[in-house]
Amino acid sequence: MRPAGNSQSPSHNQALTHNTISQMFTYDLPKDEVDLNAKAYDPNYSYNTPEGNGGQVTLPADIGTLPTTAPALPPRPSFMRSLPEYLVLIPSSASSPSSSQKSSSTPPLAQSPTGSDDKGPLSGNPNVVLISLGKLLSEERVQHIQGEPTYCSQCGSVLDTCYDNVVNECYFCQSSDSSSSPSTSQSSLNGYQEGLFFLNPNEKPMCGGDALLLFCIDISGSMSITSQVMDGEHIVHKSRLQFVQEAVLQSVQRLSEQQSDTRVGIITFNHQVTMHGNEEVSSQCLSGAELMDSNYLKEAAASFPSPLPLSQTKNYLHRQVMGLSASGTTALGPTALLAIATASREPGSKVIICTDGKANTELGNLEVEDNDARTLLSSTIFYQDLGEYAANQGVTVSVLSIEGTDCRLDELGRLADRTGGKVVISSPNRLHPEFEQIIENRTIATHCTVALLLPKSLRMRGEREAGHKGTREVGNVNPYTELTLQFAANEQDSEVPAPTSGSRVSVQLQIRYRRRNGQRMLRVLTTDRGVTDDSSTVLSSLSLAIIQLNSSQASAALAIRGRFLDAREEGELQRKLIERAIEHNRSAEDKQIYQDWVKTMEPIYNNIHNFTRSLTDAGAALLYSMKHSNRKSISLKNKQKL
């Protein structure tokens, strides 16, 4: 097998045993919840050594109902439709099998609309799982079950049985021919098909208040720098602080009109940090040694009263914001900790940090020379730990810097990266629209973890993946959160046969999360799909939007970790797969969308050499945005380029 890093393709007489799978769990409500879309990589693929030759697997449209044991499942609700067909490809040989080799139970596969005969092995990996978390967790119209499910003691799969401690090996962890039809296994070995489990039914849900919205406003000396803007027919000069004041007040005004119960707080920072109160609570200033003690800052946040609804505080907030002036240094690190600690009392709260410079006080100092390795490492650890703290408290942090400044977003952006927030570089007059996008992106779930279980004939792919089970710590989920995962045939285990064309395989998705009221939930979906090794069929059925999204997310994740060359190689292999599909299907619309998408990937494809050990702010903002992109955001970017 030739590794993907080699530009040469395997010869047509070279046997490829690598299988790939693509499928999609999708319902009318919600739609496109989970996609498993086919891609093909070398079996030895990892993010350390991207590669591009391999086979594929396909998944037919129907999801045969698995036999159930007590209690029996109710009939599928009428508002849920059958799963659409998404294919899995595995080039196991240079030539595709004849129809007689395929299982009679597998429905006919879609053929290329052009009738072209494309049988060669594929670059890239069509085996991509798309999980639309926002839709899955927004709509919970599935069977509700009280309490913990029954798990396999070996791999942790959720089983379709009510008896504990009777299953030591299930379909997903058995070493026999697990590529055979799952429906032929004993029902106790099968995964639970679909359900929503209330994991703590006896616990009383929290009766907390509404989520908080905290604006952290930089009022250091550099915020007094002015820009020329047009005010009607006249040119006026406005400071950065004035732009921020106007944007915050516009957001406050809109919220007071549409959601007057929103609780908005203001924290300002320069050489000191001020938590602004209201007409009943005095503001509190922290400075000096107080800003160096993390525990003291958390205690100060806990003792300060929560903001009141805007219906009671709008006018006071207006006076507080308009009375701000710029001077002093930038105690951004202590401010971020104080704001997150304040917001942590209400899961789902948001913190928006707006700044124009590097943190330059002791805690979280980012204004240090590169040769001061100890301070740099201390600050890196500070922001990593702070991001973990925020995620564990269900707080989303977004960072907005002002165009033309240097804020070390590669480090500061870790807060947003871990908590599902945004990292944005904005022109001064675009701050309000950016604020609005962040505010409208409400948090619908926290503490989210996604697990994907495959049979042992398959394996997960990725830098942190091992074996047939992949897990992702997602944290906070908004309505547009989408996650992509890769998988492939397991050729590392010679004792487990790879899936064969015409066979079927099952996969199980587990999503653990907490509702805003603290209830712990587990969403489980299990389905089976067919396998094919027909490259032409896979190319005809690929969803380019899913492949593009995965390429953006995977390449950006590598680049953020400093794996710039691996990121470029990963992106190039995905691009070759997309180009092959476009050539195969001859779609002018897909070609135009692809050409626009390639422009957004330009830093990965052609300019990766510009990235050094530390990213520029523009590079960091772009990569964080790509890592957390979704199909909607990619589509919007493409339309903006038209």
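Preceding block: the structure.
Residues numbered from 1 in each chain as written. Predicted model: local features only at pLDDT ≥ 70, side-chain atom pairs only at ≥ 80, totals over all residues. Heavy atoms only, no water.

Draft legend 1. The arrangement of the overall build of the protein in detail. What the protein contains, in helices and strands, is 15 helices and 22 strands. Taking all 642 residues of the protein together, 58% fall into the buried category. Partitioning the intrachain contacts of the protein with sequence separation of at least 6 by distance along the chain shows that 79% fall at a separation of at least 24. Just so you have it, the protein exposes about 25900 Å², and 46% of that area is on carbon and sulfur atoms. (Helix = DSSP H or I, 4+ residues; strand = E, 2+ residues; numbered from the N terminus. Buried < 20%, exposed > 50% of the residue type's maximum accessible area, 1.4 Å probe, protein only. Contact = heavy atoms within 4.5 Å. Areas by Shrake-Rupley, 256 points an atom, 1.4 Å probe, with all protein chains shown as cover.)

Draft legend 2. The arrangement of the packing of helix H6 (residues 373-392) against helix H7 (residues 409-419) in detail. For the pair H6 and H7, the least separation of the axes is 8 Å and the interaxial angle reads 20 degrees. One way to sum up the angle between H6 and H7 is to call them roughly parallel. When you trace H6 past H7, the crossing you get is right-handed. Residues Thr380, Tyr383, Gln384, Leu386, Gly387, Glu388, Ala390 and Ala391 of H6 touch H7, and the partners they reach there are Glu411, Leu412, Arg414, Leu415, Arg418 and Thr419. Each residue belonging to the contact of H6 with H7 can be placed in one class, and the counts come to six nonpolar, four polar and four charged. (Axes fitted to C-alpha atoms, helices over the stretch in contact; angles between N-to-C directions. Parallel < 35°, antiparallel > 145°, perpendicular 65-115°, else oblique. Left-handed = near helix turned anticlockwise from the far one by under 90°. Nonpolar A, V, L, I, M, F, W, Y, C, P; charged D, E, K, R; others polar.)

Draft legend 3. Inspection of the pattern of salt bridges at higher detail. Evaluation of the coordinates by the stated rule reveals 16 salt bridges. Residue arginine 319 pairs with glutamate 279 through a salt bridge whose shortest N-O separation is 3.2 Å. Taken together, the residues arginine 319 in helix H4 (residues 310-322) and glutamate 279 in the loop between strand E12 (273-275) and strand E13 (284-286) connect sequence positions 40 residues apart. For glutamate 279, a relative accessible area of 58% gives the class exposed. Where glutamate 388 meets arginine 418, a salt bridge forms, and the shortest distance between an N and an O atom there is 2.8 Å. Of the two residues, glutamate 388 sits in helix H6 while arginine 418 sits in helix H7, which places them 30 residues apart along the sequence. In this structure arginine 418 comes out as buried when scored by relative accessible area, which is 18%. Overlapping salt bridges, with partners in common, bring together Arg408, Asp410, Glu411 and Arg414 in one network. (Salt bridge = Lys/Arg side-chain N within 4 Å of Asp/Glu carboxyl O.)

Draft legend 4. Representation of the environment of valine 424 in the model. Counting through the fold element by element, valine 424 comes out in strand E16 (residues 423-426). Here valine 424 falls in the buried class, since its relative accessible area comes to 8%. Once the C-alpha coordinates of valine 424 and valine 399 are considered, the two residues, 25 residues apart in sequence, prove to be 6.3 Å apart. The residues touching valine 424, leaving out its near neighbours within four places in the chain, are Val399, Leu400, Ser401 and Glu434.

Draft legend 5. View of the sheet that holds E12. A sheet is described by the order of its strands in space; here seven strands give the open sequence E13-E12-E11-E8-E14-E15-E16, paired in mixed fashion. Each of the sheet's edge strands pairs with one partner strand only, and the pair in question is E13 and E16. Taking the axes of each pair of neighbouring strands and ignoring which way they run, one obtains an average angle of 20 degrees across the sheet. As judged from the three bridges shared by E12 and E13, these two strands associate in the antiparallel manner. Directly across from methionine 275, in E13, lies its bridge partner glutamine 284. Contacting strand E14 (350-355), strand E15 (396-402) and E16, H7 runs over the sheet at an angle of about 150 degrees to E15. (Pairing = 2+ DSSP bridges.)

Draft legend 6. The sheet that holds strand E21 (residues 504-514), seen in detail. The mixed open sheet is built from six strands, whose spatial order is E6-E7-E22-E21-E17-E19. Only two strands of the sheet have a single neighbouring strand rather than two, namely strand E6 (144-146) and strand E19 (469-477). Between one strand axis and the next, the sheet turns through 20 degrees on average, direction left out of account. For strand E7 (residues 194-198) and strand E22 (residues 520-530), the ladder comprises five bridges, and the chain directions are antiparallel. What sits directly across from glycine 195, in E22, is valine 524.

Draft legend 7. Up close: the environment of alanine 341. The residue alanine 341 is located in helix H5 (residues 332-343) in this model. Taking the C-alpha atoms as reference points, alanine 341 and glutamine 393, separated by 52 residues in sequence, lie 8.5 Å from one another. Non-local contacts of alanine 341, meaning those with residues more than four positions away in its chain, are made with Lys298, Ala301 and Tyr389.

Draft legend 8. Molecular detail of the pairing of strand E10 (residues 234-239). Bridge count for strand E9 (residues 226-231) against E10 is six bridges, and the pairing is antiparallel. Its bridge partner being in E10, aspartate 231 is matched across the sheet by histidine 234.

Draft legend 9. How the structure looks around the packing of aromatic side chains. Taken as a whole, this structure holds three aromatic pairs when the rule is applied. With a centroid separation of 5.3 Å and 70 degrees between ring planes, the pair formed by phenylalanine 215 and phenylalanine 435 is classed as edge-to-face. Taken together, the residues phenylalanine 215 in strand E8 (residues 212-218) and phenylalanine 435 in helix H8 (residues 431-440) connect sequence positions 220 residues apart. When its relative accessible area of 1% is taken as the criterion, phenylalanine 215 is described as buried. Cation over ring: lysine 298 sits above tyrosine 389, and NZ or CZ is 4.3 Å from the ring centre. (Phe/Tyr/Trp six-rings, centres within 6.5 Å; stacked < 30°, edge-to-face > 60°. Lys NZ or Arg CZ within 6 Å of the ring centre and 35° of its normal.)

Draft legend 10. Examining the packing of H5 against H6 more closely. One can describe the packing of H5 onto H6 by two numbers: an axis separation of 10 Å at closest approach and a directional angle of 15 degrees. Between H5 and H6, the angle is such that the two are roughly parallel. In this structure, the crossing between H5 and H6 has a hand that is left-handed. Between H5, through Leu332, Gly333, Ala336, Leu337, Ile340 and Ala341, and H6, the contact on the second element is made entirely by Phe382, Tyr383, Leu386, Tyr389 and Ala390. Its residues assigned to classes, the contact of H5 with H6 shows 10 nonpolar, one polar and no charged.

Draft legend 11. Examining helix H11 (residues 564-585) more closely. Over its 22 residues, H11 runs 32 Å from end to end, which matches the ideal 32 Å to within 8%, given 1.5 Å per residue. Within two residues after H11, arginine 586 carries a phi angle of roughly 55 degrees, on the positive side. (Expected span 1.5 Å × (residues − 1).)

Draft legend 12. Representation of unusual backbone geometry. Here the phi dihedral of arginine 408 falls at roughly 55 degrees; this positive angle occurs in a residue that is not glycine. Structurally, arginine 408 can be placed in the loop between E15 and H7. Positive phi is not limited to glycine here, since histidine 447 has a value of about 55 degrees. Summarising the element assignment, histidine 447 is placed in strand E17 (residues 445-453).

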